[in-house]
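# Summary of structural features
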Amino acid sequence: VTEIEARYYDGRSSRALPVRVRLFADGEVRVEGEGVSLRRLAAELEISERIGSAPRWIGLGGGARCELSDSDALDAWLARQRPGRRGLVAALERHWPAALFVGIAGAALLAAAVAWGIPGLASLVARSLPVSVDEQLGESGLEALDEALFAPSGLDEARRRSVRELFARLAERAPVSGATAGASPGLAPRLEFRAGGVAGANAFALPSGIVVVTDELVQLAADEEELAAVLAHEIGHVQHRHGLRSVLQSAGVSVLVAGALGDFVSISTLAGTLPVLLVELRYSRRFEEEADRYGIEVLRALGMDPRALARLLERLAEAHGGDGPLPAYLSTHPSTAQRMEAIRRATPAPPRGAPGE
Amino acid sequence: MERRVSFTGSTGEFFRIWLVNLSLTVLSLGFYGPWAKVRTRKWFYGSCVLDGSSFHYDADPVRILVGRLIVLGLLFVFGLVQEVAPLLSGLLSLAWLALLPWLIVRSLAFHHRCSSWRGVRFGFGASWGEAAKVYLLAPLALFFTLGLALPWLVGRQQEFRVRGSRYGTAPFGFAWRAGPYYRVHLAALGIWIVASLAGTMLLASLGAFEALGRWASGPAPSPADLPWALFAAWGGVVAAAGTAGLAVLRAGVTNLLYDQAKLGDIRFRSQVKASRLFHLYLTSALAVVASVGLAVPWAMVRIARYRAGCLQVVSETPLDQFAQAQEEALGGEMAAEAADFFDFDFGL
C-alpha cells in the first residue's frame, strides 16, 4: 500500500480538504478524510501527466479531484497498474541527458533545414514552375529601379552593339558540366543599359531575366574579357533563376520561423528578425558563389580567362573604397578576397602567351 | 488576512521542459506547438501556489491546433482574395475587423474556462458588442486625441477583461479611475526621456561627439572608420532607457490591474516595483543575448517568480466559499456544446 497526502476538492465549491490517498497493489484507490470516503479503481481515474514537479491531479469522477505533490510514489504505483503507458515526453523532460539529446537533435534539424532543406526545396519548386512565374515576379522590377535609381544610358550606339553581341555570345553558351547542372534553360537573359546614378559601376540580374549593366561599369572594364566576366556572372543569376528561388527561400524561412519557432520567439522582435536576416544573407552569398562558378565555366568554354572577373572585382573594390566595415556574415556578397581566391582555385595557370585581344 | 502567491518551480526543471518543447516543435515542423504551449502553461500554473493549492490549466491542445489552422486558412483565403480581387479584399478587411471582437471574447473564454483553482473553474462572459466598443470604437479616441487617450484606453480594456471574468459563479469587479493610468504613463515617459538625455549627455561629456565631429570633418569620411563603438554605446544607452520606461509602465499597469479588482469581499494587492522589474529585464536581456537564447527559460522563471511573489490576496474569510458555475445554468446543454465548438485559442 502506498499512502500519499493530498487535497480533495469536491468539484462544487472551492473548499479544500486534507485527505489521505491510499493506493493498493490490486488497483484499488481509497480517498479518506473528514467527511470523505471514496473507493475507486485505477481504470476509473483520470490522472494528469507529469510535468516537472507541478502537482498532479486525480479526477475521481463527478468533478471531484485530488491534488498531490508526490509524483514519484504515484508514478511507481501507476507503472504497475498500467504497464507500457509511460509519458515519453515527461521522461525526456526529467532527465538531463535525454533533454540535451533532444535539444541537440532539434538544433541539428534546424541547421540542416536551413543549410539544405529550404534551398533544395526552393530549387525543386522553382524547377516545377514555368518561367512565366519569373517574368511576372520581375515585371515591375525595372520600372521601380528606373524611378529610384537609374537614368537613361549615355553610351553610344556602337559601344552598345558590341556589348550586346558579347552578351548574346555568352548567353548562348550554357555550360553543361557538373557545377552548373541545376541551371535551367528557358528563362532568356535580356540586356538593358542604364546610367547607374548612386549605384555607380554595377550590374544587376532581375528575376524576369533582365540584366542591367551601368555605363560606369562598361567604362570601368579594361577589356572585353572583364566585361564578359561580369555579364557571364549576371547571366548565371538568370540561368539559375536566383530571383525566383530567393523569393521561395525567403518564404520558406518565414514559414519555418513562424511555424516551428513561433511559440518561442516573436517574429516582430529583434530575436526573431536577426536570425532570419543572417540566414537570408547567407543564401545571397551562396547565390553569388553559384553565379561566379557559372561565369567561370562560360568564360572557359569561350576560351577567355576567368581571372578577368578577379581583376575587375579588384578595380571595383578600389573604386568603392574596399569591402566596407561589415564582417563577412553581414554581407550580401562573399568578400572580394574570397571570390578572387575561389576563381584562382577554379582556374589552372593560363598557357603562356594567351589570352590576347 | 493576507495570503501571498508563491512560485515553486525551479529553473533547471523548466529549462529541460523548455528545451524538449522547443526541439519537439522544431522536429515536428510546428505541429507540436500547441502541446508545447499547454505543457508550458500547465507547469507555470502548477507552480503558482495560493493558500496551499496550486492553479491548474487544462486545455486540449487539439483545439488550439484547430484554432490555428482556422486562422491560417482565413489568412490564406484573405491573401488569395487580395491577389484575385483587390476590391473585394477591402470588404474582407472590414469583415475581419468585425470578427476581431468576437475572436477576442472567444479566446478569453477559452483560456478562462481552462484555468481553475481548487477544482473551480474561471470563466469569461462579455458580449460581442461590448468587446467591439472597447477594441474597435474606443481606440478611435487615440486618433482624435493624438494618442492622449492611451492611458484611459488601457484602463478601459483592463475593466473589460476583469469585469467579464468570474471565478466559479462569482463575478470580478473593477472600480477604476483614469488618473492613476495617466500618472503611470507620464512616469514611464518621463523616465524614458530623462534617462535617454542623461545617457546621451554622459557620452557627450566623455568626448564621444567630438570624435564624431572629427570623423565628419575629416579629409575622406568613409563608413569604414566611423566610430562604431560610439554608436554601439549610444544604442545601449537608448535601449536601457527604453527598458526603464517599459519597467515603470508594466509595474504600474500590473499593480493597477490587481489593486482595483475585487472578487466578492476579496481584494488583491500587487506590489511590483519598477526598479526591481528594470533590473530583472536588463539582466535577463543581457543573459539571453550572451547565451544566444539559452537563458530564455531562466529569464521566464525569474520574472514569473518575482511577479507571483508580489501578489497578495486579502480576505477576512477563508477562500472556500466559491461555487462552481453549472454549465446548464448558462442556457442548457446546447449552449455549453456551442461554446465548446467555438472556443478556440486564436493566439490573441
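This text follows the structure it describes.
What counts, and where the lines are drawn
Residues numbered from 1 in each chain as written. Chains lettered and ligands numbered in written order. Predicted model: local features only at pLDDT ≥ 70, side-chain atom pairs only at ≥ 80, totals over all residues. Heavy atoms only, no water. Pairing = 2+ DSSP bridges. Helix = DSSP H or I, 4+ residues; strand = E, 2+ residues; numbered from the N terminus. Phe/Tyr/Trp six-rings, centres within 6.5 Å; stacked < 30°, edge-to-face > 60°. Buried < 20%, exposed > 50% of the residue type's maximum accessible area, 1.4 Å probe, protein only. Core = buried A, V, L, I, M, F, W, Y, C linked by side-chain atoms within 4.5 Å. Contact = heavy atoms within 4.5 Å. Axes fitted to C-alpha atoms, helices over the stretch in contact; angles between N-to-C directions. Parallel < 35°, antiparallel > 145°, perpendicular 65-115°, else oblique. Nonpolar A, V, L, I, M, F, W, Y, C, P; charged D, E, K, R; others polar.

### Focus: the pairing of strand β4 (residues 36–41) of chain A
Consecutive side chains of a regular strand alternate in pointing toward one face of the sheet and then the other. Residues and elements named next belong to chain A. Of the pairings in the sheet, the one linking strand β3 (residues 28–33) to β4 comprises six bridges and is antiparallel in character. When the bridges of β4 are listed, Arg-30 appears paired with Arg-39. Hairpin connection from β3 to β4: two residues lie between these consecutive antiparallel strands, with Gly-35 at a positive phi of about 75 degrees.

### Some words on the packing of aromatic side chains
Residues and elements named next belong to chain B. Counted by the stated rule, this structure contains 19 aromatic pairs over all chains. Here Phe-15 and Trp-18 contribute two aromatic rings whose centre-to-centre distance is 6.1 Å and whose plane-to-plane angle is 35 degrees, an arrangement assigned as tilted. Separated by three residues within a single helix, Phe-15 and Trp-18 lie in helix α1 (residues 11–27), roughly one turn from each other. By relative accessible area, Phe-15 is classed as buried at 18%.

### Brief notes about the nonpolar core
Formed by 49 residues in total, the largest nonpolar core has its most connected members in Trp-43, Tyr-167, Leu-263 and Phe-268 of chain B. Among the elements that take part in this core, α1 of chain B stands out by supplying seven residues, more than any other. Excluding residues within four positions of it along the chain, Tyr-167 of chain B makes contact with Ser-14 of chain A together with Trp-117, Arg-118, Val-120, Arg-121, Phe-122, Phe-172, Leu-263 and Phe-322 of chain B. Counting 37 residues, the second-largest nonpolar core is a separate cluster that includes Leu-166, Val-213, Tyr-294 and Met-304 of chain A.

### Side note on the sheet that holds β3 of chain A
Residue and element names in this part refer to chain A. Strand order in this open sheet of seven strands is β4-β3-β2-β1-β7-β6-β5, and the pairing throughout is antiparallel. Two strands lie at the open edges of the sheet, namely β4 and β5 (46–47), each paired on one side alone. When strand β1 (residues 2–9) meets strand β2 (residues 17–23), the two strands line up antiparallel, connected through seven bridges. Residue Glu-5 lies in a different strand from β2, and its bridge partner there is Arg-20. Against the sheet, helix α1 (residues 71–81) touches β1, β2, β3, β5, β6 (56–61) and β7 (64–68), its axis set at about 55 degrees to β6.

### A short note on the packing of α1 of chain B against helix α2 (residues 33–47) of chain B
Residues and elements named next belong to chain B. Axis separation between α1 and α2 bottoms out at 9 Å; the angle between their running directions is 170 degrees. Here α2 runs roughly antiparallel to α1, going by the angle between their axes. Across from Glu-13, Phe-14, Ile-17, Asn-21 and Thr-25 in α1, the residues of α2 making contact are Gly-33, Ala-36, Arg-39, Thr-40, Trp-43 and Phe-44. The residue inventory of the contact of α1 with α2, partitioned by class, reads five nonpolar, four polar and two charged.

The values reported here are purely geometric and, on their own, carry no functional implication.
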